[in-house]
Amino acid sequence: MAHSTAKIDIRKLSLEQLRGHLTDMGEQAFRAKQVYEWLWQKACTDFDQMSNLSKPLREKLNTHFAINAATVLRAQRSADSTIKSSFVLSDGNIVEGVLIPAPDRMTACVSSQVGCSLTCKFCATGYMDRKRNLNADEIYDQVVLITGQAQENYQQPLTNIVYMGMGEPLLNYANTLASIERITAPDGLNMAAKRITVSTAGIAKMIKKLGDDGVKFNLALSLHAANDQKRNEIMPINAQNSLAALAEALKYFYAKTKNPVTYEYIVFNGFNDELSDARELAAFCKHVPCKVNIIEYNPIAFADFENAAADKIDQFAAFLRQKGIVTNIRRSRGKDIDAACGQLAIKESAAPNA
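Source: prediction; values computed, not measured.

Here the focus is the overall build of the chain. The secondary structure content of the chain amounts to 10 helices and 14 strands. The buried share of the chain, taken over its 354 residues, is 53%. A fraction of 65% describes how many contacts in the chain between residues 6 or more apart in sequence connect residues 24 or more apart.

In structure tokens, the structure reads:
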């Protein structure tokens, strides 16, 4: 019987598993830690560059293992300095990520899935099919590559990471958490968990699981309506994850983690931009300590929604602030290169039923 010669994806291995493989190959156990540091602290994607390893060991690594690194296919710079990148994965699939520079921060927006299965009516990614989940190392690679862009273009380190790109992170739960573990670990990128935000469209049982797992990162909920009828209309996921179910899950999450929650609320013209909508949102905000990010809508070709008028947005925010709710208005960034919130989609496969 022929033996398979497929190489092992080395970044899928834990340190313990790597140690086992190397000792089986006749190497000393401490070599595993050296290799692991090259992979995760130094983000090395070429065994030949692991300079403190012997040449015979590097040859063994090349023979038995692969580093399936993501690479930048194309990077576009917006008029407002936002940089959107298409990342090509080892199997040829493509995802997008964004560097959002601001005077006080450098934020990476990363994807967790190739496409998305949730079909939110206002989001370009929702019009793509979900092809697969990203592995933890593919999410990590986006962070590393965007960090390089921040340093190269703005001479600034990355300060924040948001899981708000393509896909629903909580439907790729294990890989999302594993990527954050590598990003925050002392033998990884050593970033503070408090600088990472995972955004979900609202999957109640997985929000509870975050609580059970005692996560340290921030949770953001894409709310967009605090009324089941309206939310059902734009976010089909609400049919199985009603506002009551989400409220219960968020209370559980907060009881377990003591982490306040951020609500993201896109204000659509003539849909959810009245003071009655703000009143419903203020009532929902009473469930757990929270803040609200009001987000400008970025129109996409497949949807009929429009951004609410500026004065409506300001009145909406003022109402929430009068109720004592911390409220920020997030102005759109990267709109001219389709890098803004809700616009990420691979053009070749973004049309409905393509």
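There's more to say after this.
The next point concerns unusual backbone geometry. Although it is not a glycine, Ser81 sits at a positive phi angle of roughly 85°. By the element assignment, Ser81 lies in the loop between strand E3 (71-77) and strand E4 (83-88). Taking relative accessible area as the criterion, Ser81 reaches 26% and is therefore assigned partly exposed. The residue Asn190 is not glycine, and still its phi comes out positive at about 60°. Here Asn190 is to be found in the loop between helix H5 (173-184) and strand E10 (196-200).

For the coordinates displayed, the defined rule picks out nine aromatic pairs. Between Trp40 and Tyr140, the aromatic rings sit 4.7 Å apart at their centres with planes inclined by 75°, giving edge-to-face as the arrangement. Taken together, the residues span a long stretch of sequence, with Trp40 in helix H2 (residues 30-40) and Tyr140 in helix H4 (residues 136-154) at a distance of 100 residues. Residue Trp40 shares its accessibility class with Tyr140, and that shared class is buried. Ring geometry for Tyr263 against Phe284: centres 5.4 Å apart, planes inclined by 65°, an arrangement best described as edge-to-face. Here the residue Tyr263 occupies a position in strand E12 (residues 261-266), and Phe284 occupies one in helix H9 (residues 275-284), the gap between them amounting to 21 residues. Tyr263 sits in the buried class, given a relative accessible area of 0%.

Let us now look at the side chain of Ser222. In this fold, Ser222 is placed in strand E11 (residues 218-222). Side-chain polar atoms of Ser222 contact the side chain of Glu264, separated by 2.8 Å. Apart from residues lying up to four places away in sequence, Ser222 is in contact with Ser199, Thr200, Ala201, Arg231, Met235 and Glu264.

Moving on to the pairing of E10. Among the five residues of E10, five are classified as buried, and the element is accordingly described as predominantly covered. The two faces of E10 match: Ile196, Val198 and Thr200 on one face and Thr197 and Ser199 on the other face are all buried. Pairing between strand E9 (residues 160-163) and E10: three bridges, direction parallel. Of the residues in E10, the one forming a bridge with Ile161 is Ile196. With H5 bridging E9 and the parallel E10, this β-α-β connection has right-handed handedness. As paired strands, E10 and E11 are joined by four bridges and run parallel to one another. Residue pairing in the sheet places Thr200 in a bridge with Leu221 of E11.

Burial in helix H3 (residues 55-64) covers these residues: Leu57, Arg58 and Leu61. Projected down its long axis, H3 carries its buried residues within an arc of 100°, all on one side. For H3, the exposed residues set more than 90 degrees away from the buried face come down to Lys55, Pro56 and Thr63. Elements in contact with the buried residues of H3: helix H1 (15-24), H2 and strand E2 (65-66).

Here we take up the environment of Gln113. Mapping Gln113 onto the fold places it in strand E7 (residues 113-114). Separated by 55 residues in sequence, Gln113 and Glu168 place their C-alpha atoms 6.9 Å apart. Ignoring sequence-local partners within four residues, the contact set of Gln113 consists of Val95, Arg130, Arg132, Asn133, Leu134, Met166, Gly167, Glu168, Leu171 and Asn172.

Rules used in this analysis
Residues numbered from 1 in each chain as written. Predicted model: local features only at pLDDT ≥ 70, side-chain atom pairs only at ≥ 80, totals over all residues. Heavy atoms only, no water. Helix = DSSP H or I, 4+ residues; strand = E, 2+ residues; numbered from the N terminus. Buried < 20%, exposed > 50% of the residue type's maximum accessible area, 1.4 Å probe, protein only. Contact = heavy atoms within 4.5 Å. Phe/Tyr/Trp six-rings, centres within 6.5 Å; stacked < 30°, edge-to-face > 60°. Polar contact = N/O pair within 3.5 Å; in protein donor to acceptor, adjacent residues only side chain to side chain. Pairing = 2+ DSSP bridges. Right-handed = clockwise from strand over helix to strand, strands pointing away. Arc of directions from axis to C-beta.

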